Amino acid sequence: MANPTTHVVLCAPPKPKDAPSLSGFCEKLEVFLRYGGISYEQRDVYPFQGPKKKVPYAEIRHDEKTVTVPDSHFIIRYLLENKLIKDPDDLAELTPEQRAESRAFQAYVEETLYSAVVYERWLVPENFEVGKRETFNNLPWFLQYFVGWYFLSRVSSAMWAAGMGRHSWEEVQTLQREVFDALEVKLCKHKYFHGDERPSRIDLTVYGFLANILACKANPYSADIILKSTVLSSFVKAMTTTLFPEYEDLLKTIGGDA
């Protein structure tokens, strides 16, 4: 499916061994790379090192050149537009209407659900300590304290500016449930969003974020919704088994056979 001479360096925060990334967007990108069959490796970086001061970004080596592209959405577009991987939407033979619906759901998941999950991890006090230890466990304990509070300040400001941080926790829970309900409706009758034959881009995106949620201990409310949903947990199990069988703890969490 991929250009055999292409190699991608996925620049992202340190990833737990045999587990999804603690960043939903980094996990989403890796899902696309794994599904596309492209050669890739991860380089551990931090957001301030990226061209846009966020992660992921990628160094894409092809045709005797290396191009640095920031942002998961534009990395994937670059790979597709330069025909370095085949488009999952083309392989799934999606209609223009299906592609438009997929793009709307992508925005719903990335802009609403993931922002609500970030709120849950960092702005709910009982989850903050869990998230701090989970995210910065490679740092000495005394640095974890200062880095954690600095990160909380940055997240709080970003959430307030984006609007999500102006909601109460109860309102954020409502937003989460609405997204999960919509995902259930789309996946309850078919294996994938648009049928039973092949996953398309939206399946890869949704899986990346659901896997990320289940891998993080600092978002117990959203993880519990996924685990209690037969539709969503079955979707995650099937995609994990196919693409990331090394995620044994995730498979055990959702009742897999690892």
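This text goes with the structure placed above it.
A.B. asks: Explain the environment of isoleucine 202 here, please?
C.D. replies: Among the secondary structure elements, isoleucine 202 is positioned in helix H8 (residues 201-215). Counting along the chain gives 103 residues from isoleucine 202 to arginine 99, while the straight-line C-alpha distance between them is 8.8 Å. With residues up to four places along the chain from it excluded, the contact list for isoleucine 202 reads Ser102, Phe105, Gln106, Phe193 and His194.

A.B. asks: Looking at this model, I keep getting lost on the side chain of glutamate 120. Mind explaining?
C.D. replies: Relative to the elements of secondary structure, glutamate 120 occurs in helix H4 (residues 96-122). When neighbours within four sequence positions are excluded, glutamate 120 is seen to be in contact with Asn127, Trp169, Gln176, Ala218, Asn219, Pro220, Tyr221 and Ser222.

A.B. asks: Would you mind showing me how to read helix H1 (residues 24-36) here?
C.D. replies: The periodicity of an α-helix, 3.6 residues per turn, causes residues three or four places apart in sequence to face the same way. The terminal C-alpha atoms of H1 lie 18 Å apart, and with 13 residues this matches the ideal 18 Å at 1.5 Å per residue to within 8%. With 11 of its 13 residues buried, H1 lies for the most part within the structure. Just beyond H1, the residue with positive phi is glycine 37, at close to 70°.

A.B. asks: Honestly, the pattern of salt bridges in this entry has me stumped. Any pointers?
C.D. replies: When their charged atoms lie close together, side chains carrying opposite charge are able to pair. Applying the stated rule across the entire model yields 14 salt bridges. Close ionic contact of aspartate 18 with lysine 17 constitutes a salt bridge, the shortest N to O distance being 3.8 Å. Of the charged contacts in the structure, one is a salt bridge between arginine 34 and glutamate 30, with a shortest N-O distance of 3.9 Å. Of the two residues, arginine 34 and glutamate 30 both sit in helix H1, four residues apart, roughly one turn of that helix. One salt-bridge network, held together by shared partners, links Lys15, Glu30, Arg34 and Glu246.

Cut-off values and rules
- Residues numbered from 1 in each chain as written.
- Predicted model: local features only at pLDDT ≥ 70, side-chain atom pairs only at ≥ 80, totals over all residues.
- Heavy atoms only, no water.
- Helix = DSSP H or I, 4+ residues; strand = E, 2+ residues; numbered from the N terminus.
- Contact = heavy atoms within 4.5 Å.
- Expected span 1.5 Å × (residues − 1).
- Buried < 20%, exposed > 50% of the residue type's maximum accessible area, 1.4 Å probe, protein only.
- Salt bridge = Lys/Arg side-chain N within 4 Å of Asp/Glu carboxyl O.

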